[in-house]
Each structure stands twice: as structure tokens, then as C-alpha cells.
Amino acid sequence: MSKQAKHWEKTRGLLFVTLAIWFVFSIGIFFFGAEMEASSFRPLGYPLSYYMTCQGSLGIFVILIFWFANRQEKIDEEFGYTEREDD
Amino acid sequence: MTKMIKGKFIDNLPKIYGIYTGGFLAFIILMSIAESAGMSAKLIGIFFVAFTVGIYALIGYLSRTLQLDAYYVAGRQVPTVFNGMATAADWMSGASFVAMAGGIYFKGYGYMALLVGWTGGYVLVASLLAPYLRKFGCYTVPDFIGTRYGGNLARVSAVIVLTVASFTYVTAQINATGTIASVALDIPFGIAVYIGLASILICSMLGGMRAVTWTQVAQYIVLIIAYLIPVFWISNKMGAGFFPHFMLADEVARIAELESQFGLGTVKNSAADLATVPKGLAGITKAHSSVNATPWAFISLAVCMMAGTASLPHVMMRYFTTPSVKSARRSVGWSLFFIFLLYSSAPMLATLSKLSLMDPNLATGIIGKSISEVQALDWYQNWNQANLMFVSDFNGNGTLDLNEFFMGGKAVVLATPEIAGLPYVISGLVAAGGMAAAMSTADGLVLAIANALSHDLYYKIIDPKAETAKRLIVARVLLFIIGFAGASIAALEIQGILGSVIWAFDFAMSGLFFPLVLGVWWKRANAQGAVAGMLLGLISGTAYLIWVRNGGAGFWGVTQLTFGIVGSLVSLVSMVVVSLMTKAPDAATQRMVDEVRIPSGRTVLGKQH
């Protein structure tokens, strides 16, 4: 397999992990709105369903994007595809 | 020489915007001193709007340019964090600023799907699209479609989808600038719309993307200050908590308690009673925090907003302006962070606003008070006159019940500071913030449409030999025409602000989501498939919308707010089927896709093209 094919395979792998986490917090948990509301786990005292829509999922997305960017930069570095400063 | 000054400007950004922020805070303090010295509320409002808009116009003028890459992509030198701020301003519209807290206030959990969708979409932007389109080096979104798939038909189809989606959106934004300008400057709406348009054009016409970038950063600073100060102030004044985001659990629980005490949902107003309520006002009919939507209703709306986010050209083109692929990727994270600051505050504002009106233990509470007492309140009279508040003693018991109080969605942001007893200077600040939010989004949208028409339609198809000077004149003339057309439609006041915003997402998702994503992630996708995907997606989505609007039953629980689901599914299926039935893209195109997938090396399209 060529260097570029390997790079793309890793990039795709990272995409799937990122989208899986994204799916859980943007779609998956909202199948269980009523269960979240009834849950005794109450972050900062808010009902879990309320908390996830106000801050929880939103904050996780912010962290997820930075985590994804870091991982992708490592992959690019590994295969020598990092941009030069003067590009 | 100019090069040196430009380099210096970019290096000094933190200092320049630091001074600007300090200056703005000093202006707020100055205004509050003026207020206590007896300056009238009207004059304060005028000062706030005129001062901030004047600064944006100055930035727009200073950023004027005669270069193509500066006009179209801000010279590709906008630093990561500043591009994040500009994108946040570009993104957060008058609707986010003025109407979001109101939507949460009235609709609760079901509405929060919009917050989840409008933030979750950025994960798709970062992982599927932004870095690859940056590497491509395009000026506009149709530029990517046209070059990747080849052929004028693909390019024109992309221009059509972009124009439909963005134009739907921009009328709502110009409408919002008009609403705020008419309230703050106390002039009729029909005139205020054109004053709003003039300010929008001053910011974008001379400097294109470069001017819009630097005004958007300035507008973000104003709008976030204007949103956060009232939230923190009210929370502290009410004794609800020093840091509302982490401390309002008791208040949320208290609202639920009051809802059952006041019989939320048990007393229904008769149709005859409701007919006396002014149009556009609503009562509290839904629980504040409990789950009040089915999983599918919630998820389908969130999915549409996410896919729409990743397809709206005015957001995507912000990531064409960063210096590198790496910074484009990180910049998406910063954008979402800056958006998060406002979005996570909106539910807190809705909570504080609702509790301050509902709780009889608070001095501001009105539910349970006598009707005549409420009608005598200064702030009630003001907002009743502005047609944003209404009370009526339906059952004739002399006291105000929960089902007898009505309010407009905008009032949550606009009136809460006054209800909570904050000085008028805060209301002026909020008006300036709303103006900044609506202007920055309108700027981005008008520019996205005009650039697509001038670059993709005029230069790439009609007159490929046009010289730089001519191209820039055409771009500016189109900017003016688009803005004017948007303002003329806004002046007719056809739809509400929020409805048309949601439609824009569905249009963009129907026509552009899969052609964009598959352009990077599926080498086999070809021009015929992409054209079929864009046009059939847009047509089927639009047809579904028209059908449901005219009383059609719909299917799968897809409403007029989520018609993008139908459109994008048709788009995906037709794109894949048509691509597989026709010839695979040639070797050169395949190499181009390979090239896009790695960050290093030259962009596919040249610096000036």
C-alpha cells in the first residue's frame, strides 16, 4: 500500500471514531430523553436531559473538535504531510 | 510598503482588538454616567447603535482592497482564533441573538434540538469538509463543486442551491437589522430596513471578504458582551447565583414547582379569548425543563440543522480565509467555542426571565398579582405599547393567572433587563448587540451570494477573459443588487425571523450536503451524479415543503421545518445511482481528489484564479 493510501486509511479511521462520538451525543442520547429526565444522575443539580441540551452535548462537541484536530495533525505528521510554514 | 503595513496589522491584531474592547467598555461606562446625569433612554439607544455601526463602517473603509484574493478570501491570512470569532459572528444571526432565548422560554426541550443541531453541525464541518475545501484553494463553494466535478452545469447548479438557501436566510437578517434599528432609532420599519442595508453594504462593499472579516470580529466582541453582561447581572441581582450557568439548578426546579402550582396545562383558553390576544404573542403552555417532544421530533430537527450547518456556504467560505489547512481545522473548534459562550447562556437567560415573572416571592413576579396592579407597571406599559406584552382577565377573578399572560419571543432578550430593574444603558447595549448579530450574518450571506454570482457565473462562465478591475466592479455591483433585493423583500415582512432561518438550513442540506461531502470522500462521484444530486435534492425538498404548507399530510413525521430530510435522501440516492450508471471521473480528477486529501503541497486552484 502506498504512503498516501495508508495516510487516508488512518484519516478515515479517525473520521469514523469522531463521527461515532458525535452520533452518541447529537442523536443517540436523545432517543432516551424521558429516561435521562428520570435519571438520578443530575449534573450540577440539573435534570440530565435539560443539562445535555443546555451545556453537555454542546461542550462535548467543542472538546471533540479540538481532540480530532490534534489527532489528525499527528497522523499528518506521521506520514510527512504536515504543511511547511511558507506554504 | 502596503505589504509591510498589512503584515504589521495581522501581527498586532490582539493589541488592536484589545484596545477596541477596552474602548467599547469605556463607552458603556460613559453612557451609564450619562444616564444617571439624566440623558434620555431614546438618546442612549441612538448613541449605542450609531457608535457601533460607525466603527464597523470605519473598519470596512480601512479594509478596502483592489486585489482578488483579498476581496474573495481576505488574502488567506486570517489567524485561527480571529477567524473563529469572525465565524461565530457570521453564524450567530439576529435570530440567535434576539429570538433563541424566547424560543427556549416558550417551547422548552423540543426547541433545544436547535441548539444541539447548530453546534453539532460543526463536528461535521471540521471532520468532513473545512480542511479539504481549504486545501482545494477555492474562492467560493460553487468553485469547489465546479472544479471537482467539472463542467458549467455542476457549477451553475451549485450557484442555484446556494442562492436559494442564502437568500431565504438573508431576508430574515435584513428584517432583523430593520426591526432593531427602528426600535433603537425610533423610525418607521420601512425606512429602518434601508438604513440597515446601507450599514451592511458599507461594511462589505469596498473590501469584500477582508472587510467583512475584520468587522465580524468587532461585531462578535460587541454581541458577546451585550449578551453576557445582562445574564450575569440579572442572575446576581436576583441572588440566583454568581455564575448562572453552573448555579441555576434550584431555579429550574422552582419553575417546575410553580408550573404545577399555577396549573400549567390544566386551564385551557377558549378560542374566543385567544382571538383577543395580539398576533405574534404567546402564553406559557409548555413545561420549562421536562421532556416535551418525541425522540424523532427532536432528532429529526437536530439532524437537519447539523447537515444544514455543514452545507451553508457563508459559513464554509470563512474557512477559505485561514493561512493553512491545519489552522482551518482548529479554527472550526474556536468558532464553536465562541458560539458555545452565547448558546449556553441563552437557556440561562430564559430561566431567569421566566422565574422573575412567575415567582410571587420575587419583587418582579406578576403571576398571582391583581390585573390592575400589573397594568399599572411602567415596564408593562412600555412593552405592551411595543406590542410585545399583553394581559387579560379571561376568567374575571381580578388576578393575573399563568394562562392570562402573553409575550412576544423577542421580549425575553429585549425586555428582561428592564423587568429585572437594570438601568436603561443595558437595553441600549442589547440593541447594539442585536444589531451586530444581524449585520454580521447579513454581511456574510450577501457576500456569499454576490461572490458566487460574480466569480462562478460571471467570470467562470460568461466572461472568462475579464480583467481583475472589471471582476471587482461586477462583484460590487452584484453585492449592491443582492442587498437591495433582500431589503425590498424584507420590507414586505412576509415570514417570521425564525421560520425562514430554519428553511434556509433545509434548502442547503437538500441540495449541497451530499455533493460536497462525497466530492471529498467518494472518488467515484462524477459530474452527472452531482448535478442530479443537487437539482433533484433541491426540487424534491422544495416540493415537499410546498405540499406540507398547503395542508399535505407529509410522511415519516417530517414537517415543514425538517423537509431537508426528504430532500437530502433524494439527493444522496440520485447522486449515487446516477454516478454509478455513468462514466467514472477521469484520472486527472481522481488525482485532484488525492491531492485534496493531504494537507501539504500546493492548493489545487492557484492563489489568484
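In this text the structure is predicted, and so the values were computed from the model without any measurement.

## Looking at the overall build of chain A
Within chain A, the secondary structure is distributed over 3 helices and 0 strands. Start at the N end of chain A and walk to the C end: the helices and strands fall as α-α-α. Taking 2.2 N^0.38 as the reference for a compact globule, 87 residues should give roughly 12 Å; the C-alpha atoms of chain A span a radius of gyration of 18 Å, well beyond that estimate. Each principal axis of the C-alpha distribution contributes one length, and for chain A these read about 50 × 30 × 15 Å. Taken across its 87 residues, chain A has 38% of its residues classed as buried. When contacts within chain A are restricted to residue pairs at least 6 apart in sequence, those whose partners lie at least 24 apart make up 54%.

## A word on the overall build of chain B
For chain B, the count of helices and strands is 27 helices and 3 strands. Taking 25 Å as the expected radius of gyration for a compact globule of 609 residues, we find that chain B reaches 25 Å, a close match to that expectation. Expressed along its principal axes, the backbone C-alpha trace of chain B runs to roughly 80 × 60 × 40 Å. Buried positions account for 57% of the 609 residues belonging to chain B. For chain B, restricting intrachain contacts to residue pairs at least 6 apart in sequence, the fraction spanning at least 24 positions comes to 83%.

## Let's talk about the environment of Ile60(A)
The residue Ile60(A) is located in helix H3 (residues 48-78) in this model. Sequence spacing of Ile60(A) and Arg71(A) is 11 residues, and the spatial spacing of their C-alpha atoms is 16 Å.

## Quick notes on the packing of helix H25 (residues 527-549) of chain B against helix H26 (residues 564-581) of chain B
Residue and element names in this part refer to chain B. For the pair H25 and H26, the least separation of the axes is 7 Å and the interaxial angle reads 155°. By the criterion of interaxial angle, the relationship of H25 to H26 is roughly antiparallel. For the crossing formed where H25 meets H26, the hand is right-handed. Counting all contacts with H25, which are made through Gln528, Gly529, Ala530, Ala532, Gly533, Leu536, Gly537, Leu538, Ser540, Gly541 and Tyr544, the residues of H26 involved are Gly564, Val566, Gly567, Ser568, Val570, Ser571, Ser574, Met575, Val576, Val578 and Ser579. Residues belonging to the contact of H25 with H26 are distributed by class as follows: 10 nonpolar, 12 polar and no charged.

## Examining the domain arrangement of chain B
Residues and elements named next belong to chain B. Domain parsing of chain B yields domain 1 (2-241 + 291-342 + 423-498) and domain 2 (250-289 + 352-418). Here the C-alpha centre of domain 2 lies 33 Å away from the C-alpha centre of domain 1. Across the contact, 19 residues belong to domain 1 and 21 residues belong to domain 2. Looking at the side of domain 1 that touches domain 2, the elements with two or more residues in it are helix H6 (94-107), helix H11 (208-238) and helix H22 (424-462). Counting residues per element, the side of domain 1 that touches domain 2 draws most heavily on H6, at 9 residues. Across the side of domain 1 that touches domain 2, the residue classes break down as 12 nonpolar, 6 polar and 1 charged.

## Quick word on the sheet that holds strand E3 (residues 405-408) of chain B
Residues and elements named next belong to chain B. Read from one edge of the open sheet, 3 strands run E1-E3-E2, paired in antiparallel fashion. Looking at the sheet topology across the chains shown, the edges are occupied by strand E1 (281-282) and strand E2 (389-391). By the bridge criterion, 2 bridges tie E1 to E3 in an arrangement that is antiparallel. Opposite Ala282, over in E3, you have Met407 as the bridge partner.

## Considering helix H1 (residues 3-26) of chain A
Taking 1.5 Å as the rise per residue, H1(A) with 24 residues should run 34 Å; its terminal C-alpha atoms sit 34 Å apart, in good agreement. Of the positions making up H1(A), those classed as buried are His7(A), Thr18(A), Trp22(A), Phe25(A) and Ser26(A).

## Notes on the nonpolar core
By size, the foremost hydrophobic cluster in this structure holds 236 residues, and its most contacted members are Ile65(A), Leu223(B) and Ala302(B). No other element matches the 21 residues that H22(B) contributes to this core. Residue-level mapping places this core at the junction of two domains, with at least three residues from each of domain 1 (2-241 + 291-342 + 423-498) and domain 2 (250-289 + 352-418) of chain B. Setting aside its immediate chain neighbours within four residues, Ala302(B) contacts Ser26(A), Ile27(A), Phe30(A), Ala113(B), Val116(B), Gly117(B) and Gly120(B).

## Here's the deal with the packing of helix H2 (residues 13-36) of chain B against H22(B)
Two quantities define a packed helix pair, namely the angle between the helix axes and the distance between the axes. Residue and element names in this part refer to chain B. Relative orientation of the contacting elements H2 and H22 amounts to 140°, with a least axis distance of 9 Å. It follows that H2 is oblique to H22 by the angle criterion. Considering how the two elements wind past one another, H2 and H22 form a crossing that is right-handed. Residues Ile28, Met31, Ser32 and Glu35 of H2 form the contact with H22, whose own contacting residues are Tyr424, Val425, Gly428 and Leu429. Of the residues in the contact of H2 with H22, the class split is 5 nonpolar, 2 polar and 1 charged.

## Some words on the interface of chain B and chain A
Listed by partner, the interface residues are 41 residues for chain B and 40 residues for chain A. Within the residue set of the side of chain B that touches chain A, elements represented by two or more residues are helix H7 (112-136), helix H12 (244-247), helix H13 (249-261), helix H15 (295-309) and helix H17 (325-343) of chain B. Taken together, the residues that form the side of chain B that touches chain A break down as 26 nonpolar, 10 polar and 5 charged.

## Re the confidence of the model for chain B
A low pLDDT score tells you not to read the predicted coordinates there in detail. Within chain B, residue pLDDT values average 89, and 98% of them lie at 70 or more. Looking at the elements of chain B, mean pLDDT is at its lowest for helix H1 (residues 2-11) of chain B, recorded as 61, and at its highest for H26(B), recorded as 96.

## Digging into the environment of Gly265(B)
Residues and elements named next belong to chain B. Relative to the assigned elements, Gly265 resides in the loop between H13 and helix H14 (271-274). The class of Gly265 is partly exposed, set by 14 C-beta atoms lying within 10 Å. Each C-alpha atom of the pair Gly265 and Thr285 lies 6.1 Å from the other, and the pair is 20 residues apart in sequence.

## Some words on the pairing of E3(B)
Sheet topology places E2(B) next to E3(B); 3 bridges connect them, and they run antiparallel. Note on E3(B): the bridge partner recorded for Met389(B) is Met407(B).

## Comments concerning unusual backbone geometry
Positive phi outside glycine occurs at Leu44(A), with the angle close to 55°. Of note in this structure, Ala74(B) is not a glycine but carries a positive phi near 55°. Of note, Ala74(B) is situated in the loop between helix H4 (68-73) and helix H5 (80-91).

## Some thoughts on the environment of Ile55(B)
All names here are of chain B. Position of Ile55 among the secondary structure elements: in helix H3 (residues 41-62). Since 18 C-beta atoms lie within 10 Å of it, Ile55 is described here as partly exposed. Put simply, Ile55 and Ser571 are 516 residues apart on the chain and 44 Å apart in space, counted from C-alpha to C-alpha.

Conventions used here
Residues numbered from 1 in each chain as written. Chains lettered and ligands numbered in written order. Predicted model: local features only at pLDDT ≥ 70, side-chain atom pairs only at ≥ 80, totals over all residues. Helix = DSSP H or I, 4+ residues; strand = E, 2+ residues; numbered from the N terminus. Rg over C-alpha atoms; globule rule 2.2 N^0.38 Å. Buried ≥ 20, exposed ≤ 12 C-beta atoms within 10 Å, placed from the backbone. Contact = placed C-beta atoms within 7 Å. Axes fitted to C-alpha atoms, helices over the stretch in contact; angles between N-to-C directions. Parallel < 35°, antiparallel > 145°, perpendicular 65-115°, else oblique. Left-handed = near helix turned anticlockwise from the far one by under 90°. Nonpolar A, V, L, I, M, F, W, Y, C, P; charged D, E, K, R; others polar. Domains from an automatic or database assignment. Pairing = 2+ DSSP bridges. Expected span 1.5 Å × (residues − 1). Core = buried A, V, L, I, M, F, W, Y, C linked by C-beta atoms within 7 Å. pLDDT = per-residue confidence, 0-100.

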